[in-house]
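Residue strings, one per chain:
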Amino acid sequence: GDKMEGLSAELPFLSSDSDHLYDDEQLQQMVSVFTAHPMPVAKAVGDAARCEGNRGPLVKFGCARPLVDLLSENDDAKAQAARAIGNLCYDHPENRMEFHKLGAIRLLVSILASQEAAPTSTSNITTTPLERNVAGALANLASETPECQVEILQAGGVEYLLGVVVGGADEHSVAMAVRALMNLAEHEKAQEVIGSSDVVTAYFEMLTDTDSLPEPVVADVVSTLVTLARFQPNRLVMVDRCRAIAVLFKVVQQSINEMKMEHDLDEPEGDSDGEEEQPIALAIADLLLLLLDDDNTKPSFILQNLHNEVLAFILHHAYLFERSQPVTPQLRLLQKVFRQLTKIVGVACINEQVSHAITSQLTSVLKLTTIIDPDMQLGSLLILGNLARADEQSVSLVEQGVHKSVFSMMVEFPNDQRVQQLAIGALRNFAIPVANRNRLTDDGIFPPTIRILSCPNQVLQFAAVHLLRTLTAGNVEAAQKFVNDGGMESLLLLVCGEGPNLEDEDEVNTGESSEKVKDLRVQYEATRYLVRLLADTKEGQDRERFTSRINEKLVTGIISLLLSPFSVLQEEGSFALAMLSLVRPEWILGNDDCLSSICSLIKSPTSTPKANLSVLSALHELGKAAGLQQLQDAGVADAVRSLASSKDPEVSASAVEILSYFK
């Protein structure tokens, strides 16, 4: 009492308002009487540091050293000093580094060590206000400051913080210790150290009874586990020792039920650009997806048949995506969680066992496709695409008309690249079994796919060409149908690099300025496909109908590939040239630019043996087509002579054979 009266007399400006902002003169005066009144000044500093504007000046004026010195005094002094240090370090990197330099961290950890021996089990340990303040100080010191994190690790802080966590006598102490471990886990080294302790086991024990824990503690526990899972051995600990999959999904369900109650109580909101806090359920869904994506932990996920339970849980809450639902902050978060859960089922379907199990619930899966939400459509497409990876299941799905649902999604979300791309991927899986191709073409797969060839997105164009190649491979009727449905014009534009204007996301940074560039992969894939298509198209009226339109454009596309500076494109162009020489040699012989580009490629020092062999194969066919004189006049023979001495024996032998034609 006397000390407080003395301090009040010397510092009459002291306010009981913890958010009070003092001026520099007042803060200097406060620090100046530290020696005379250490305990009350420590408390006053701790109070003042709750105001952000006071923290930097207090340390600047010299309060850090006397506070660190108090950590070596009696327990009351330690508690006040730890509280002040924690408040001064909150959201203040410079102050953290100052206390780090003064050795505060090792003193704080030693205080925890002196309270109790390092625990070897989850036995009851009594926590005190001193431990609460020390844990809080370590939590703030460890926040986003690698130097402090490393020192806490080296001082053995993990063991002693865990001791506070498992003690459980004071929920505030537990909360501070959990927060400290969460901040500490952001350091890569800490992920290994914490994982090798009993923290993971203790945390999963806590999650089995979340009702007894404050929600912020549960959130920090989950956040810590998500961070620890970045270190692969920790994931094994989670699934092998902690029954992680079942425990985590139970917490997801509890969290969602709480969010639903808040949604029912919330008022509808307008459009909001505010940042939404990530719910516990979404963090756990991310962790489950990580465990499922790891080959070492995936078996545990599969064995527990969680996919069936998750699918049923999603469908039970499909009403949350109905347009009649009032839009609340909680609804937005709930929808995010269910989108991620749907993705979990989709990824699980890569496994053959899961795929068979989900196929038996096809009616349920098809219900997912009716949810008018792009991200839920993505999840359902991921499920269907992975179900179709097995040929037998793919045929069964097409027989049941599942592909029509995919067509519908392509139509309903024409402007969503993600939906379009996954839909194309799923359809390509459906098209791999030969038995499915006629059904897909008869049911109208070409028109929506042809429209994608003309869209301004090259990722989708590339995927669409791959789908078309699969559909028409070895299927003359399908190739003819593609032509009859009007696909040739769109394909020719891609072959010639004359497609639609690119979207903004196709812009690339060239180093000096941003410009739109064509993806040459689209061009060469389209060229290869068109040549194959010509080879598969029936002779007669249909082929003659589009021959005149294709002639110049197709050869122009091949020329652009032959003259490309990239060897892979040269190889594709020469391959297309060889194929075209089999079906339309006159198109090549009638184009002087094409013959010139052949000579340029042959003479190029960067031309690969693969490209040269394809060109020589084309020249062989052109020679058979009575084109020797034209080849001679274009200088092809002189160019081929340079290949006769090639180090590649196959190229050399082929060149010698071609030269024999000109004698």
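Provided above is the structure to which this section pertains.
Caption draft 1: Inspection of the overall build of the protein chain at higher detail. When helices and strands are tallied, the protein chain shows 41 helices and 2 strands. Residue burial in the protein chain is summarised as follows: out of 663 residues, 52% are buried. For the protein chain, restricting intrachain contacts to residue pairs at least 6 apart in sequence, the fraction spanning at least 24 positions comes to 74%. Carbon and sulfur atoms make up 48% of the accessible area of the protein chain, which amounts to about 29,400 Å² in all.

Caption draft 2: Structural detail: unusual backbone geometry. Look at Asp 91: it is not a glycine, yet its phi comes out positive at around 55 degrees. The topology assignment puts Asp 91 in the loop between helix H6 (75–89) and helix H7 (93–101). Taking relative accessible area as the criterion, Asp 91 reaches 51% and is therefore assigned exposed. You will see that Glu 144, though not glycine, has its phi angle at about 55 degrees, which is positive. Tracing the sequence through the fold places Glu 144 in the loop between helix H9 (129–141) and helix H10 (146–154). Residue classification places Glu 144 among the exposed residues on the basis of a relative accessible area of 73%.

Caption draft 3: Spotlight on the packing of aromatic side chains. Taken as a whole and assessed by the stated rule, the structure comprises 4 aromatic pairs. Measuring from centroid to centroid gives 5.6 Å for Phe 249 and Phe 313, while their planes differ by 80 degrees, and the two rings are edge-to-face. Highlighted residues: Phe 249 in helix H17 (residues 244–265) and Phe 313 in helix H20 (residues 306–316), separated in sequence by 64 residues. The pair formed by Phe 249 and Phe 313 is uniform in burial state, with each residue classed as buried. Measuring from ring centre to ring centre gives 5.7 Å for Phe 313 and Phe 338, while their planes differ by 35 degrees; the resulting arrangement is tilted. A residue pair is termed long-range when its members are at least 10 positions apart, and Phe 313 in helix H20 and Phe 338 in helix H21 (residues 329–348) qualify at 25 residues. As far as burial versus exposure is concerned, Phe 313 and Phe 338 are alike and both buried. One aromatic cluster in this structure is built from Phe 249, Phe 313 and Phe 338. Above the plane of the ring of Phe 462 lies Arg 521, whose end atom (NZ or CZ) is 5.0 Å from the centre.

Caption draft 4: Layout of the pattern of salt bridges. Applying the stated criterion across every chain, the model contains 21 salt bridges. As a salt-bridge pair, Asp 69 and Arg 65 come within 3.5 Å of each other at their nearest N and O atoms. A residue pair is termed a helical-turn pair when its members lie 3 or 4 positions apart in one helix, as Asp 69 and Arg 65 do in helix H5 (residues 64–70) at 4 residues. A salt bridge links Arg 439 to Asp 443; its shortest N-O distance comes to 3.0 Å. Classification of Arg 439 as partly exposed rests on a relative accessible area of 32%. One network of salt bridges, with partners in common, ties together Arg 339, Asp 373, Asp 375, Asp 416 and Arg 418.

Caption draft 5: Local environment of the packing of helix H24 (residues 374–387) against helix H27 (residues 417–431). Interaxial distance between H24 and H27 falls to 9 Å at its minimum, and their mutual angle equals 15 degrees. It follows that H24 is roughly parallel to H27 by the angle criterion. Note on packing geometry: the crossing formed by H24 with H27 is left-handed. On H27, the residues that touch Pro 374, Asp 375, Gln 377, Leu 378, Leu 381, Leu 382, Leu 384 and Gly 385 of H24 are Arg 418, Val 419, Leu 422, Ala 423, Ala 426, Asn 429 and Phe 430. Of the residues assigned to the contact of H24 with H27, the class counts are 10 nonpolar, 3 polar and 2 charged.

What counts as what
- Residues numbered from 1 in each chain as written.
- Predicted model: local features only at pLDDT ≥ 70, side-chain atom pairs only at ≥ 80, totals over all residues.
- Heavy atoms only, no water.
- Helix = DSSP H or I, 4+ residues; strand = E, 2+ residues; numbered from the N terminus.
- Buried < 20%, exposed > 50% of the residue type's maximum accessible area, 1.4 Å probe, protein only.
- Contact = heavy atoms within 4.5 Å.
- Areas by Shrake-Rupley, 256 points an atom, 1.4 Å probe, with all protein chains shown as cover.
- Phe/Tyr/Trp six-rings, centres within 6.5 Å; stacked < 30°, edge-to-face > 60°.
- Lys NZ or Arg CZ within 6 Å of the ring centre and 35° of its normal.
- Salt bridge = Lys/Arg side-chain N within 4 Å of Asp/Glu carboxyl O.
- Axes fitted to C-alpha atoms, helices over the stretch in contact; angles between N-to-C directions.
- Parallel < 35°, antiparallel > 145°, perpendicular 65-115°, else oblique.
- Left-handed = near helix turned anticlockwise from the far one by under 90°.
- Nonpolar A, V, L, I, M, F, W, Y, C, P; charged D, E, K, R; others polar.

Everything listed is a geometric property; what it means functionally is a separate question.
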